[in-house]
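Okay, here's what each chain looks like letter by letter:
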Amino acid sequence: MFKKKERIRASKRLLLVLIVVILIGYGLLNIPSFEKILYPYPNQKIVEKYAAEYGVDPLLVVAIIREESKFLPQSQSHKGAVGLMQLMPSTAQSIAESLGDKSYSNEDLIKPEKNIQYGTWYLASLEKVFANNLVLVIAAYNGGRGHVQEWIESGQIDPNNVRQEEIPFKETRDYVGRVLKSYQKYIKLYRT
């Protein structure tokens, strides 16, 4: 009988400790300075420089970088996309030609400055093509401009009423959700 009461008391204390830990953890997660650890803003000056130059929201750029590479400049996807904004070398070469950058080489993609410049330019071009429709721009950044245009032309998605769940590619649908979530966090934490 005595041991049973002792076990009940110990269980109650453990439950109380768990509740306190959960409440403290929840409180920390809602403190902006703690959240900024989860949603950092490295290369801020570079991002803001090219975002201003090309007319793109810098917080969208950093949200894409977070989801594409987790801020690792040397990252490379299994499909061959490279750097912070995970650009395909062929896309980067095309951007270099559009910008008149004759000194560009594929090795430049691991350099944050060049990668962010080209990725931001590419985002700006997608915003023009898709009339600043955020879901379509993000979907095109991940799934390709051609696929998104094909989905619109075939009626799979309505450009005037795009819903994330209608995006045909699961990978792109999930990617759009992650970028939008990060974008909203960045707006909350960094927009003053």
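Residues numbered from 1 in each chain as written. Predicted model: local features only at pLDDT ≥ 70, side-chain atom pairs only at ≥ 80, totals over all residues. Heavy atoms only, no water.

1. A closer look at the pattern of salt bridges
- Counted according to the given criterion, the structure contains 13 salt bridges.
- Across the pair E113 and K49 runs a salt bridge, and its minimum N-O distance is 3.1 Å. Residue E113 is found in helix 6 (residues 112-129), and its partner K49 is found in helix 3 (residues 44-54); the two are separated by 64 residues along the sequence.
- Across the pair K79 and E171 runs a salt bridge, and its minimum N-O distance is 3.9 Å. Residue K79 is located in the loop between helix 4 (58-69) and helix 5 (89-99), and its partner E171 is located in helix 9 (residues 170-190); the two are separated by 92 residues in the primary sequence.
- By relative accessible area, which is 46% here, E171 ends up partly exposed.
- One network of salt bridges, in which partners are shared, links R66, E67, K70 and R178. (Salt bridge = Lys/Arg side-chain N within 4 Å of Asp/Glu carboxyl O. Helix = DSSP H or I, 4+ residues; strand = E, 2+ residues; numbered from the N terminus. Buried < 20%, exposed > 50% of the residue type's maximum accessible area, 1.4 Å probe, protein only.)

2. Quick look at unusual backbone geometry
- With a phi angle near 55 degrees, K70 is a residue other than glycine that sits in the positive phi range.
- Structurally, K70 can be placed in the loop between helix 4 and helix 5.
- Despite not being glycine, N132 shows a phi value in the positive range, around 60 degrees.
- If you trace the backbone, N132 turns up in the loop between helix 6 and helix 7 (134-143).
- On the basis of relative accessible area, N132 is assigned to the exposed category, the value being 55%.

3. Here's the deal with the nonpolar core
- Grouped together as the largest cluster of nonpolar side chains are 51 residues, with contacts concentrated most on I64, I65, L123, Y141, V148 and Y186.
- Broken down by element, this core gets its largest block of residues, 8 residues, from helix 9.
- Apart from residues no more than four positions distant in its own chain, V148 is found in contact with F130, L136, A139, A140 and I157. (Core = buried A, V, L, I, M, F, W, Y, C linked by side-chain atoms within 4.5 Å. Contact = heavy atoms within 4.5 Å.)

4. A closer look at the packing of helix 6 against helix 7
- For the pair helix 6 and helix 7, the least separation of the axes is 9 Å and the interaxial angle reads 130 degrees. The angle between helix 6 and helix 7 falls in the class oblique. For the crossing formed where helix 6 meets helix 7, the hand is right-handed. Across the interface between the two elements, G119, Y122, L123, L126 and E127 from helix 6 touch V137, A140 and Y141 from helix 7.
- For the contact of helix 6 with helix 7, a count of residues per class yields 6 nonpolar, 1 polar and 1 charged. (Axes fitted to C-alpha atoms, helices over the stretch in contact; angles between N-to-C directions. Parallel < 35°, antiparallel > 145°, perpendicular 65-115°, else oblique. Left-handed = near helix turned anticlockwise from the far one by under 90°. Nonpolar A, V, L, I, M, F, W, Y, C, P; charged D, E, K, R; others polar.)

5. Side note on the side chain of S69
- Looking at the secondary structure, you find S69 in helix 4.
- Exposure remark for S69: the relative accessible area of 3% places this residue in the buried category.
- Within the structure, S69 has its side chain in polar contact with the backbone oxygen of L84 (distance 2.7 Å). (Polar contact = N/O pair within 3.5 Å; in protein donor to acceptor, adjacent residues only side chain to side chain.)

Read these as layout, nothing more, since geometry by itself doesn't imply function.
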